[in-house]
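# Chain and residue survey
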Amino acid sequence: MKGIKARWGTAVGIFLMIGMLFTQTVDIAVADSARYIEFAAADSVEDADEAAAAMGNVIAARQKAKEDAEKAERQEKLPQVDAAKPMIALTFDDGPSGAVTERILNILEENGGRGTFFVVGYRVGSYPSLVQRMIENGHQLGNHSYDHKDFTKLSVKNVQAQVADTQHAALGALGDEYAYGLPAVVRLPYGAANSTVKAAVGMPMIQWSVDTRDWQTRNAAKTVTSVLSSARDGDIILMHDLYPQTAAACEEIIPKLRERGFQLVTVDELFAAKGIELKPGVMYFKAR
Ligand code: NI
C-alpha cells in the first residue's frame, strides 16, 4: 500500500506542478497579449493621428482655396480704382460704434465708395459683424491703439502692447475668414509722435491732410463745409464714426464728392494708385 500511496503522491505532485506551470504559462500569455494589444493600439492611434493630420491638411487646404476664391470674387465685384482720376481717402477714427458706423458704411456702399476705419482695440471685439462687413465690402481696417493713450507718454513696451492688443482684438472680431483684413497701418492717438514712437509702432503711420474737427463741433453742416471746401486729389480726411452728426455729414459729403468725380478709396488703395510705398516707421499725411 505504501508503494501505491507513494506513486499516487508522485502523480498528484506532478499534476500540481504541471498545473502550476500551465497556470503560469497562461498568465504569461495573458500578460503578453495585453502588452501586445496595448502596443498594437498605440501603433494604430499613431496611424490614426497621422491619417487625421493628413486629412486635416487636405481639408484646411481646400478651405483656404475656397476662401481665396471668395476673396478674389469679392474684390472683383468692387469698383476698380482708376489711377488717372482724382481720389480721396475718408478715414474714421475711434470706432466702431454700432449705428453711426453702420450709417457711414451704408452711405459709402450706396455710392460705390470705400473708407478706412481706424478702430480702437477695446471696442472692436463688440462689433464683429461690422468689421467683417468692412472687409467683405472692401473697406480697410486700421489700428488706432487699444484705449487711445498718447503714445508719446508711454514706454516702448507699452506702445507695442497698445498696437499688439488691438491686432489681437481685431483678429478675434474678424475670425479666420476675414483675417486677411487685419490692420497693417496705424493712426496714432491725437496724431502724437516722437522718434521713439515712430520706431516702436512697427507699421506705417497714417496722419491726415484735412481735419474736420467733427468731434469738437458736433455739427453736420460745419463738417460738410470743412470737407467740401478743401477736398483735393490725394487728401486724407479725418472724421470719427462716433457721432450721429458725422454720419449725417457723410450722407451729404459722400454723394457730393462722387458728383465732383472723386473716387472714394481706402488708404492702401490711395497710396498704391499714387505709386507710394507705405513703410513702417514713416508718417504719411497725403498722397500727392
Ligand atoms: Ni482718435
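Residues numbered from 1 in each chain as written. Predicted model: local features only at pLDDT ≥ 70, side-chain atom pairs only at ≥ 80, totals over all residues. Heavy atoms only, no water.

### Remarks on the pattern of salt bridges
Counted according to the given criterion, the structure contains 11 salt bridges. The partner of Glu269 in a salt bridge is Arg114, and the shortest N-O contact between them spans 2.6 Å. Note that Glu269 is positioned in helix α10 (residues 267-273) and Arg114 in the loop between α2 (99-110) and β2 (116-119), a separation of 155 residues in sequence. With a closest N to O distance of 3.3 Å, Lys153 and Asp150 form a salt bridge. Overall, Asp150 belongs to the buried group, its relative accessible area being 19%. (Salt bridge = Lys/Arg side-chain N within 4 Å of Asp/Glu carboxyl O. Helix = DSSP H or I, 4+ residues; strand = E, 2+ residues; numbered from the N terminus. Buried < 20%, exposed > 50% of the residue type's maximum accessible area, 1.4 Å probe, protein only.)

### Considering the coordination of the nickel ion
For the nickel ion, the protein coordination sphere consists of Asp94 (OD), His144 (NE2) and His148 (NE2), at 2.0 to 2.1 Å. Mapped onto the polypeptide sequence, the residues donating to the nickel ion form the spacing pattern D-x49-H-x3-H. Of the two residues, His144 and His148, both sit in the buried class. (Donors = N, O, S within 2.8 Å, 3.2 Å for Na, K, Ca; no water.)

### Some points on helix α4 (residues 128-136)
Looking at α4, one finds that the buried residues are Leu130, Val131, Met134 and Ile135. Down the axis of α4, the buried set is contained in an arc of 135°. They therefore lie on one face. Where α4 is buried, its residues touch α2, β2, α3 (121-124), β3 (140-143) and α5 (156-174). Remark: Gly138 follows α4 within two positions and exhibits a positive phi of approximately 85°. (Arc of directions from axis to C-beta. Contact = heavy atoms within 4.5 Å.)

### Regarding the packing of aromatic side chains
One pass over the full model with this rule turns up three aromatic pairs. For the ring pair Tyr178 and Tyr180, a centre distance of 6.5 Å and an interplane angle of 40° mean the geometry is tilted. Here Tyr178 falls in the buried class, since its relative accessible area comes to 7%. Between the aromatic rings of Phe271 and Tyr284, the centroid separation amounts to 5.4 Å while the plane-to-plane angle is 70°, which identifies the pairing as edge-to-face. Of this pair, Phe271 sits in helix α10 while Tyr284 sits in strand β8 (residues 283-284), and the two are 13 residues apart along the sequence. There is no split in this pair, since Phe271 and Tyr284 are both buried. (Phe/Tyr/Trp six-rings, centres within 6.5 Å; stacked < 30°, edge-to-face > 60°.)

### Here's the deal with the pairing of β2
Covered by surrounding structure in β2 are Thr116 and Phe118 together with Phe117 and Val119, the residues of both alternating faces. One ladder, built from three bridges, connects strand β1 (residues 87-93) with β2; its direction is parallel. Counted as the bridge partner of Asp93 is Phe118 from β2. Between the parallel elements β1 and β2, the chain passes through α2 in a crossover that is right-handed. Sheet analysis places β2 next to β3, joined by four bridges and oriented parallel. Paired with Phe118 across the bridge in β3 is Gly142. (Pairing = 2+ DSSP bridges. Right-handed = clockwise from strand over helix to strand, strands pointing away.)

### A closer look at unusual backbone geometry
Across the chain, the bulk of peptide bonds are trans and the bulk of non-glycine residues have phi less than zero. Following Gly95, the chain continues to Pro96 via a peptide bond in cis, the omega torsion being 0°. Mapped onto the elements, Pro96 comes out in the loop between β1 and α2. Not every positive phi belongs to a glycine, and Asp94 is a case in point at roughly 75°. By relative accessible area, Asp94 is classed as buried at 14%. Within the chain, Ser145 stands out as a residue other than glycine whose phi angle is a positive 80°. Relative to the helices and strands, Ser145 resides in the loop between β3 and α5.

What is shown is where atoms sit, not what they do.
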